[in-house]
Amino acid sequence: MDLESVIHKNTIKEESWKTVLTLAYQSLGVVYGDLSTSPLYVYKSTFAEDIQHSETNEEIYGVLSFVFWTLTLIPLLKYVFIVLRADDNGEGGTFALYSLLCRHARVSLLPNTQVADENLTEYTIDGTTPINKKNVGWGFKSLLEKHRVLQRVLLVLALIGTCMVIGDGVLTPAISVFSAVSGLELSMSKEQHRYVEVPVACVILVFLFALQHYGTHRVGCLFAPVVLTWLLCISAIGVYNIFHWNPHVYQALSPYYMFKFLKKTQKRGWMSLGGILLCITGSEAMFADLGHFSQLSIKIAFTFLVYPSLILAYMGQAAYLSKHHSLESDYRIGFYVSVPVKLRWPVLAIAILQAVVGSQAVITGTFSIIKQCSALGCFPKVKIIHTSSKIHGQIYIPEINWSLMLLCLAITVGFRDTKRMGNAAGLAVITVMLVTTCLMSLVIVLCWHKSVLLAICFILFFGSIEALYFSASLIKFLEGAWVPIALSLIFLLVMYVWHYGTLKKYEFDVENKVPINWLLSLGPTLGIVRVKGIGLIHTELVSGIPAIFSHFVTNLPAFHQVVIFLCVKSVPVPHVRPEERFLVGRVGPKEYRLYRCIARYGYRDIHKDDIEFEKDLICSVAEFIRSDTSEYGLGFGSFEDDTKMTVVGTSASNLEGVRMSEDDQDNSQMEGTSELMEVKSPERVKKRVRFVVPDSPQIDLDAREELLELMEAKEAGMAFIMSHSYVRAKRGSSWIKKVVINYGYDFLRRNSRGPTYALSIPHVSTLEVGMIYHV
């Protein structure tokens, strides 16, 4: 199955009610698993130490009022009605906002951008709204484009949000599973519970992370029913508690109780906001997972099911607690104490399943955002395994998975209580929301072309609410809030060092690329023996001849008859359509048989497996040869330009173009093919190659001869040439730069993965050319 075509079809969603409601149901298991788990620990974290639950019920009513208005203003008003509209061609999340800003204000720090990228279908900048060059927004746009420092600040802001999402991927499984398991405390003595709770939570966490390599699609069919059952369960218990214990608890929804709460508790009440904040944990997933569903489906699921269920659950807990003030245990404010005794064991089982589902969604989201960072040059290359051939976005990253597991276990064993875990998780959550608010204010001005006053109102209203919660979380730095800060600093350092080193390495490549005149002076044979086969040279350059090619040609007496300079790059769009995948052009005259092929991928695109990629690559060159009408000669000065490129789709998307057929057996009908051997493994297998060329338009004799030569070269085999780089800081560089480049970037580079498309090429056909980069 062609995965790219499936993804492309999925991006065009039919807006029928049946489709919308189906997507809304499916979104329960993916989007709302984390948010729906919050009732397990919100009240317990809020009343941990800072405030007490008194006979007047002012504290519990105040907390309920805060929970209600926080859920109403942040997830419902901010995300559902405003932020969801800021999608990047159907994709959401921190990088979607940053990608939008990069295209509208040209603040991208990706070094290999081209004018041709702006012609991509999903790159389209909104040109329907007239932009007034006299307004403040236009001036701010110009300011961003002129000052490199502001562009770096914007990148660091996006990376901080990303790092906090990764930190949330560590903390959410720990607090969710631990809170669910804490229900055992009502069924055993305190001494027994102390020795059982942590081991059980750790076993569940190990089991959860050990299942990741199977992919969520194998158990995904259970996710939505589990969340739906959980929501119906907590809302039903909430309704029971409201009518049975305190039908007048609805009065606490008035904002007046927030004022009374803060007036009575003062500083202690402000510090307790860090626990209340946990009621919106997982709200960011509504925006981050937008690409898997549609805006309308997510809005329907939250507005008509998730939101009312959560409100009823919190009201029910408050109603129960308002009539119980003298529980003789330290878990008196926990979730399970408000559950009727006969239902506690079934609810415990559902809660553990719900915690696993919520954790699964966060872990998958962490994998996804690390893939996006890697695609945009902000994270070292890691091994990415796609666990589903049909469902987009389901990936598995082994290194990250086991790192998250170890960190989760360390948090669970180290803290052993929901208070400090809640402090840590709260800070991570609110930081991501603050970053989203800041980026959204820029989107309002630069992408939506609205007034600056509207952007200021947005950031002041939502930013002030989130800043209040942020301050309450930050004040508990020593009580657990240091964990997400420490994790974020580590990940931010890794990301920025990798991005800085990659940028400097690319600048060195550009400065040291070989001029085209040098190539022209060598003649069609390049001054050496041209042997059968294809030489595939990996380069980051989108124009010019890389230095490793001249280094190779200067030191070895032979090279392949066909040479392809391959650049696989990412562009700041979520997806590149299959029919726009490749840019193909020539390097030098036709006689040289040198081609440049640029494979473009979006930050959410799936890279095809190695064999399919190789086939698409050769077919794209063959289609370029067939359709090329340029007249190059040896004396032409246009070679200095090196920018004439043709857009060619993949073989699956270009059904009317050149296709390739391979056979392991002899075929007498294959005219013009040779019987050379291609090395596939230690065994030698015959591989016959044939191009199927459309009948029209007719191709000339030169193009037919060029295709025949490419066919023979493909049969002879393909060699992969890449640079084995040693990156060092220049003499005279500052000591900080030397540490960053010589130790930090060098360590990350040596431990990162190579190009994925090189993995299927046998080691005997791979050649590394040593290069020292002085950056």
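Attention in this report is confined to the structure presented alongside it.

**Some remarks on the overall build of the protein**
Broken down by element type, the protein carries 24 helices and 13 strands. The burial tally for the protein puts 58% of its 775 residues in the buried class. A separation threshold of at least 6 residues defines the contact pool for the protein, and within that pool the share at least 24 residues apart is 83%. Carbon and sulfur atoms provide 61% of the accessible area of the protein, an area that totals close to 32600 Å².

**Regarding helix α16 (residues 398-415)**
Here α16 contains 18 residues, and its C-alpha end-to-end distance of 26 Å stays within 8% of the 26 Å for a straight helix at 1.5 Å per residue. Buried residues of α16: P398, I400, N401, L404, M405, C408, L409, I411, T412 and F415, and no others. Taken down its axis, α16 places every buried residue within 165° of arc, on the same side. Looking one or two residues past α16, R416 carries a phi angle of roughly 60°, positive in sign.

**Quick look at the pairing of strand β12 (residues 718-728)**
The element β12 is extensively covered by neighbouring structure, given that eight of its eleven residues are classed as buried. Where strand β3 (residues 529-538) meets β12, four bridges bridge the pair, whose relative direction is parallel. Within β12, the position partnered with G535 by the bridge is A719.

**So, the packing of helix α6 (residues 94-105) against helix α17 (residues 418-446)**
Closest axis-to-axis distance for the α6/α17 pair is 10 Å, and the angle between their directions is 30°. As summarised for this structure, α6 and α17 are arranged roughly parallel, according to the angle between their axes. Our pair here, α6 against α17, has a crossing hand that is left-handed. Contact residues: α6 offers T94, L97, L101, H104 and A105, while α17 offers V435, T436, L439, M440, L442, V443 and L446. Split into classes, the residues belonging to the contact of α6 with α17 amount to nine nonpolar, three polar and no charged.

**Quick notes on the packing of aromatic side chains**
What the rule picks out here adds up to 18 aromatic pairs. Here the aromatic rings of F68 and W69 are separated by 5.1 Å at their centres, their planes lie at 80°, and the arrangement is edge-to-face. Note on F68: relative accessible area 15%, which makes it buried. With a centroid separation of 5.8 Å and an interplanar angle of 45°, the aromatic rings of F302 and Y307 are classed as tilted.

**Describing the environment of F95**
If you trace the backbone, F95 turns up in helix α6. Along the primary structure F95 and C373 are separated by 278 residues, whereas in three dimensions their C-alpha atoms are 8.2 Å apart. Sequence-distant contacts of F95, defined by excluding residues within four places in its chain, comprise L159, T162, I369, Q372, C373, L376 and Y603.

**What about the pattern of salt bridges?**
Under the criterion given, the structure shown has 17 salt bridges. For E58, the salt bridge identified is with K260, shortest N-O distance 3.6 Å. In this pair, E58 sits in helix α5 (residues 58-81) while K260 sits in helix α11 (residues 256-265), placing the two residues 202 residues apart along the sequence. Overall, the relative accessible area of 24% leaves K260 in the partly exposed class. In this structure, the salt-bridge partner of D417 is R420, at a minimum N-O distance of 3.2 Å. Looking at R420, the relative accessible area reads 30%, which means it is partly exposed. When salt bridges that share partners are traced, they join E58, E59, K260 and K264 into one network.

**Description of the packing of helix α2 (residues 17-31) against helix α14 (residues 295-321)**
The axes of two packed helices give the description: the angle between them and the distance between them. One way to put it is that α2 packs onto α14 with a least axis distance of 8 Å and a crossing angle of 65°. In this structure, the crossing between α2 and α14 has a hand that is right-handed. Within the contact between the two elements, α2 uses W17, V20, L21, L23, A24, S27 and L28 and α14 uses L296, S297, I300, A301, L305 and V306. Among the residues forming the contact of α2 with α14, the class breakdown is eleven nonpolar, two polar and no charged.

**Some remarks on a negative patch on the surface**
Judged by side-chain charge, E591, D700, D702 and E705 come together as a negatively charged surface patch. As for its placement among the helices and strands, D702 is situated in helix α23 (residues 701-716).

**A closer look at the pairing of strand β4 (residues 558-570)**
Of all 13 residues in β4, twelve are buried, a share of seventy percent or more. By the bridge criterion, eight bridges tie β3 to β4 in an arrangement that is parallel. Paired with I534 across the strands is V562, a residue of β4. Relative to strand β6 (residues 594-601), β4 runs parallel, the two sharing eight bridges. Looking at β6, one finds that V568 is bridged to A599.

What counts and how
Residues numbered from 1 in each chain as written. Predicted model: local features only at pLDDT ≥ 70, side-chain atom pairs only at ≥ 80, totals over all residues. Heavy atoms only, no water. Helix = DSSP H or I, 4+ residues; strand = E, 2+ residues; numbered from the N terminus. Buried < 20%, exposed > 50% of the residue type's maximum accessible area, 1.4 Å probe, protein only. Contact = heavy atoms within 4.5 Å. Areas by Shrake-Rupley, 256 points an atom, 1.4 Å probe, with all protein chains shown as cover. Expected span 1.5 Å × (residues − 1). Arc of directions from axis to C-beta. Pairing = 2+ DSSP bridges. Axes fitted to C-alpha atoms, helices over the stretch in contact; angles between N-to-C directions. Parallel < 35°, antiparallel > 145°, perpendicular 65-115°, else oblique. Left-handed = near helix turned anticlockwise from the far one by under 90°. Nonpolar A, V, L, I, M, F, W, Y, C, P; charged D, E, K, R; others polar. Phe/Tyr/Trp six-rings, centres within 6.5 Å; stacked < 30°, edge-to-face > 60°. Salt bridge = Lys/Arg side-chain N within 4 Å of Asp/Glu carboxyl O. Patch = residues over 30% accessible without salt bridge, like charges linked within 9 Å, V, L, I, M, F, W, Y side chains within 5 Å. Lys, Arg positive; Asp, Glu negative; His and termini not counted. Charge placed at Lys NZ, Arg CZ, Asp CG, Glu CD.

So yeah, pure geometry; function would need other evidence.
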